[in-house]
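# Architecture and fold: a report
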Amino acid sequence: MQQVLKDARYEILALRRQNEVLSAQMGVVEVFAAALGLRRESSGAAPDVVQQIDRQLRSMDERGEK
């Protein structure tokens, strides 16, 4: 189980890096949308899953689980 959590954590962090690149590209699209008078709806923040996984991994380490 611990390896699954570590793999999930790695994948989430890799996707976050990819998301940063896509967000920068989206900034260009937003400039054009603003020039055309269009608005994009904002979305709420999601819970930080990596932080939750890190807590679970620490807890499993303390209990000696694998």
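Our structure is the block above this text.
Definitions and cut-offs
Residues numbered from 1 in each chain as written. Predicted model: local features only at pLDDT ≥ 70, side-chain atom pairs only at ≥ 80, totals over all residues. Heavy atoms only, no water. Helix = DSSP H or I, 4+ residues; strand = E, 2+ residues; numbered from the N terminus. Rg over C-alpha atoms; globule rule 2.2 N^0.38 Å. Areas by Shrake-Rupley, 256 points an atom, 1.4 Å probe, with all protein chains shown as cover. Lys, Arg positive; Asp, Glu negative; His and termini not counted. Charge placed at Lys NZ, Arg CZ, Asp CG, Glu CD. Buried < 20%, exposed > 50% of the residue type's maximum accessible area, 1.4 Å probe, protein only. Axes fitted to C-alpha atoms, helices over the stretch in contact; angles between N-to-C directions. Parallel < 35°, antiparallel > 145°, perpendicular 65-115°, else oblique. Left-handed = near helix turned anticlockwise from the far one by under 90°. Contact = heavy atoms within 4.5 Å. Nonpolar A, V, L, I, M, F, W, Y, C, P; charged D, E, K, R; others polar. Expected span 1.5 Å × (residues − 1). Arc of directions from axis to C-beta. Polar contact = N/O pair within 3.5 Å; in protein donor to acceptor, adjacent residues only side chain to side chain.

As a further point, take the overall build of the protein. Per the secondary structure count, the protein includes 2 helices and 0 strands. The C-alpha atoms of the protein give 18 Å as radius of gyration, which overshoots the globular expectation for 66 residues (11 Å, by more than 25%). Reported as C-alpha extents along the three principal axes, the dimensions of the protein are approximately 60 × 20 × 10 Å. Summing over all exposed atoms, the protein offers an accessible surface of approximately 5,700 Å²; the carbon and sulfur share of this is 55%. On the protein, the mean spot of the 10 positive side-chain charges and the mean spot of the 10 negative ones are 2 Å from each other.

Here the focus is the environment of Ala8. Along the chain, the position of Ala8 falls in helix 1 (residues 2–35). Residue classification places Ala8 among the partly exposed residues on the basis of a relative accessible area of 28%. C-alpha of Ala8 to C-alpha of Ile53: the two residues are 45 residues apart in sequence and 8.3 Å apart in space.

The next thing to look at is the packing of helix 1 against helix 2 (residues 49–63). At a minimum axis distance of 10 Å, the contact between helix 1 and helix 2 shows a crossing angle of 155°. Relative to helix 2, the element helix 1 lies roughly antiparallel. Helix 2 is crossed by helix 1, and the crossing has left-handed handedness. Between helix 1, through Gln2, Leu5, Lys6, Ala8, Arg9, Ile12, Leu13 and Arg16, and helix 2, the contact on the second element is made entirely by Val49, Val50, Ile53, Asp54, Gln56, Leu57, Met60 and Asp61. Residue composition of the contact of helix 1 with helix 2, grouped by class: 9 nonpolar, 2 polar and 5 charged.

Moving on: helix 2. The terminal C-alpha atoms of helix 2, which comprises 15 residues, lie 21 Å apart, in line with the 21 Å expected from a rise of 1.5 Å per residue. By the burial criterion, the buried members of helix 2 are Val50, Ile53, Asp54, Leu57 and Met60. Down the axis of helix 2, the buried side of the element spans an arc of 125°, and every buried residue falls inside it. For helix 2, the secondary structure elements touched by its buried residues are helix 1. In this structure Asp48 caps helix 2, since a side-chain oxygen of it lies 3.2 Å from the backbone nitrogen of Val50.

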